[in-house]
Amino acid sequence: MDVRACDLLVVGGGPAGAAAALAARQAAPELQTLVLDRQRFPRDKACGDGLGPGVVARLADLDAAEIVRGRRPVERLKIVAPSGAEVVGELPAIGESARGYVVPRSEFDDALLTLAQDAGADVWTDSRLEGLDSTHGGPVRVEASGPNGSSVISAKAVIAADGARSDVRRLLGVAYNDPAHTGVAIRAYVERPGGFEHMAFYFKRELLPAYGWVFPIDAQGANVGVMIDAARFRRQERRLPDLLRDFLQSSEHQALDPKRSRAYMLPFASHVPPLVHGRVALVGDAGSMINPFSGEGIAYGMAAGIEAASRAVRAVQSGADDRPFDGFDGWFRERFGEHFRASARAKWLAQRAWIADFGVRAARRRPEFVREGIELLVGEGTALSWRSLARLLLHGRR
Ligand SMILES: Cc1cc2nc3c(=O)[nH]c(=O)nc-3n(C[C@H](O)[C@H](O)[C@H](O)COP(=O)(O)OP(=O)(O)OC[C@H]3O[C@@H](n4cnc5c(N)ncnc54)[C@H](O)[C@@H]3O)c2cc1C
């Protein structure tokens, strides 16, 4: 059996894990960083492939903007109400960037993980974490299996970025989100000569409480999909492929032929579990970091991965590595907690057809409502206060 020791072990090579590994290598090339992923890259991941301005800002932090260079930027987002009325607004600025991109995850994740590897991280793909012992206070002991058999890895700090069904989370005894705080979604790819102009969210009457998206990839096509809360999904009869079919039949997208559909779950940040467990920190979907309104999770996962890595690096460098993630949980809640609470309230409202109609009607008259709505969906907005609700009610009346 292979026995390895490392400073930082990152479990999962998706955007949260790859961002963590890259940040760690950039901050401390002398530390040994190992990434473990059970899949072989490039690999597909069920996703809308939407990279909001938050992702672009994190790529800039990581000096990794090259991943989106030359791709078609998206600068505007459309929201379509149950009545069919629509509003279009600009994407919000986060850092220097007020633009987003739509990049298939098979390409985006592979490019980010490759940068981490080029920066010196050891990357073991096709290698699965099977067991974890973090009970004795010393370095965490991880059992893994891969193409060359079994390994034992001893790590001073572990960043668990192993996704919505995180094995690390389960092994730590942290329950997965219950259906009230989980979404399910299906995506597919469609082609249309000329492509699509904006990123768009559709709150269609015949779909609610599910809602759909169209995210343009290039001049040829888009990623389309439907998302619904898991608790509500269980109570209705339509399966996810039925919802996707109904979405595409009901809209101006009737001629589209969805290909490569794929579904998965989304642990919403309306319930974020304790993130720090001794020498282990949960980030990304493993830590339930998905915006409950939009389903966006990449930006928050990357931000958390980068922050957790920088804390671990400082702890290991100083030799005080028995609590490498001290303060990380509080940092995350402070940074994004209010945004997620406001996004959850906005979703609750948007799932009611008359309120969604009302909101879009108000937004057509007052551009600041469009901006606030978009900031809740793909920014870091916190605008859904009682005061802004009252203003919305005032301006939504005919
Ligand atoms: C249909 C759908 C549409 C979505 N649309 C968007 C969108 O448009 N924009 C957006 O920002 N977010 C979107 N999301 C959410 C987004 O996909 C996630 O938030 C994001 O993938 C989280 O990244 P991550 O790195 O935490 O996890 P993941 O990307 O899931 O990566 C986890 C990695 O861990 C690996 N792994 C798992 N278990 C083990 C193990 N035991 N050992 C080793 N490796 C392991 C997996 O192979 C995987 O590569 C969508 C989600 C769904 C389901």
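Let me begin by describing the structure that accompanies this report. (Residues numbered from 1 in each chain as written. Predicted model: local features only at pLDDT ≥ 70, side-chain atom pairs only at ≥ 80, totals over all residues.)

The next point concerns the overall build of the chain. Secondary structure summary: the chain contains eleven helices and 17 strands in total. Against the compact-globule benchmark of 21 Å for 398 residues, the chain has a radius of gyration of 21 Å, which places it among compact chains. Projected onto its principal axes, the C-alpha positions of the chain cover 70 × 45 × 40 Å. Counting all 398 residues of the chain, 53% fall into the buried class. (Helix = DSSP H or I, 4+ residues; strand = E, 2+ residues; numbered from the N terminus. Rg over C-alpha atoms; globule rule 2.2 N^0.38 Å. Buried ≥ 20, exposed ≤ 12 C-beta atoms within 10 Å, placed from the backbone.)

Around the ligand there are 39 residues in total, and Gly12, Gly14, Gly48, Gly284 and Gly297 lie nearest to it. Among the elements of the structure, α1 (15–27), β8 (128–133), β11 (182–191), β15 (259–267) and α7 (298–318) are those that each provide at least two residues to the shell around the ligand. Tallied by class, the residues present in the shell around the ligand amount to 16 nonpolar, 13 polar and ten charged. (Near = placed C-beta within 6 Å. Nonpolar A, V, L, I, M, F, W, Y, C, P; charged D, E, K, R; others polar.)

Between α1 and helix α3 (residues 105–118), the shortest axis-to-axis distance is 8 Å and the interhelical angle comes to 25°. Relative to α3, α1 is oriented roughly parallel. Between α1 and α3 lies a crossing whose hand is left-handed. Each of Pro15, Ala18, Ala19, Ala21, Leu22 and Arg25 in α1 lies in contact with α3, whose residues at this interface are Asp109, Leu112, Leu113, Leu115 and Ala116. Taken together, the residues that form the contact of α1 with α3 break down as nine nonpolar, no polar and two charged. (Axes fitted to C-alpha atoms, helices over the stretch in contact; angles between N-to-C directions. Parallel < 35°, antiparallel > 145°, perpendicular 65-115°, else oblique. Left-handed = near helix turned anticlockwise from the far one by under 90°. Contact = placed C-beta atoms within 7 Å.)

Across the two faces of strand β12 (residues 199–202) the burial is the same, with Met199 and Phe201 and Ala200 and Tyr202 all buried. Here strand β4 (residues 76–80) pairs with β12 via four bridges, running parallel. Within β12, the position partnered with Ile79 by the bridge is Phe201. Where β12 lies against strand β13 (residues 211–216), three bridges are found, and the strand directions are antiparallel. When the bridges of β13 are listed, Phe201 appears paired with Trp213. (Pairing = 2+ DSSP bridges.)

When the terminal C-alpha atoms of helix α10 (residues 367–378) are compared, their 17 Å separation across twelve residues agrees well with the 16 Å that a helix rising 1.5 Å per residue should span. Counting buried residues along α10, nine of its twelve residues qualify, which places the element largely inside the surrounding structure. Buried within α10 we find Phe369, Val370, Glu372, Gly373, Ile374, Glu375, Leu376, Leu377 and Val378. (Expected span 1.5 Å × (residues − 1).)

Moving on, we come to the sheet that holds strand β14 (residues 221–229). Taken together, the seven strands give an open sheet; going across it, the order is β5-β4-β12-β13-β14-β11-β15, and neighbouring strands pair in mixed fashion. Each having just a single partner strand, β5 (86–90) and β15 make up the two edges of the open sheet. Strand-to-strand twist across the sheet, computed as the mean angle between neighbouring axes with direction ignored, equals 20°. Against the sheet, α10 contacts β4, β5 and β12, and its axis sits at roughly 75° relative to β5.

So, about the pairing of strand β2 (residues 33–36). With burial as the criterion, each face of β2 is covered, one bearing Thr33 and Val35 and the other bearing Leu34 and Leu36. Summarising the sheet, strand β1 (residues 2–11) and β2 pair through four bridges and their orientation is parallel. From the neighbouring strand, Val11 faces β2, where its bridge partner is Leu36. Bridge analysis of β2 against strand β7 (residues 122–124) gives three bridges, and the strand direction is parallel. Bridging from a neighbouring strand, Val35 pairs with Val123 of β7.

With that out of the way, let us pick up the nonpolar core. Soluble globular proteins: nonpolar side chains tend toward being buried together. Ala20, Ile159 and Val226 are the most contacted members of the largest nonpolar core, which has 135 residues in total. No other element matches the 13 residues that α7 contributes to this core. Excluding anything up to four places from it in sequence, Val226 contacts Ala185, Ile186, Leu207, Ala210, Tyr211, Gly212, Leu240, Leu243, Leu244 and Phe247. (Core = buried A, V, L, I, M, F, W, Y, C linked by C-beta atoms within 7 Å.)

Structural remark: α-helix, 3.6 residues per turn; residues separated by three or four positions point the same way. Between its first and last C-alpha atoms α1 spans 18 Å; for 13 residues at 1.5 Å apiece the expected length is 18 Å, and the two agree. For α1, a buried count of twelve out of 13 residues is recorded, marking the element as mostly surrounded by other parts of the structure. Those residues of α1 that fall on the buried side of the exposure criterion are Pro15, Ala16, Gly17, Ala18, Ala19, Ala20, Ala21, Leu22, Ala23, Ala24, Arg25 and Gln26. Considering only its buried residues, α1 is in contact with β1, β2, α2 (53–61), α3, β10 (149–160) and α7.

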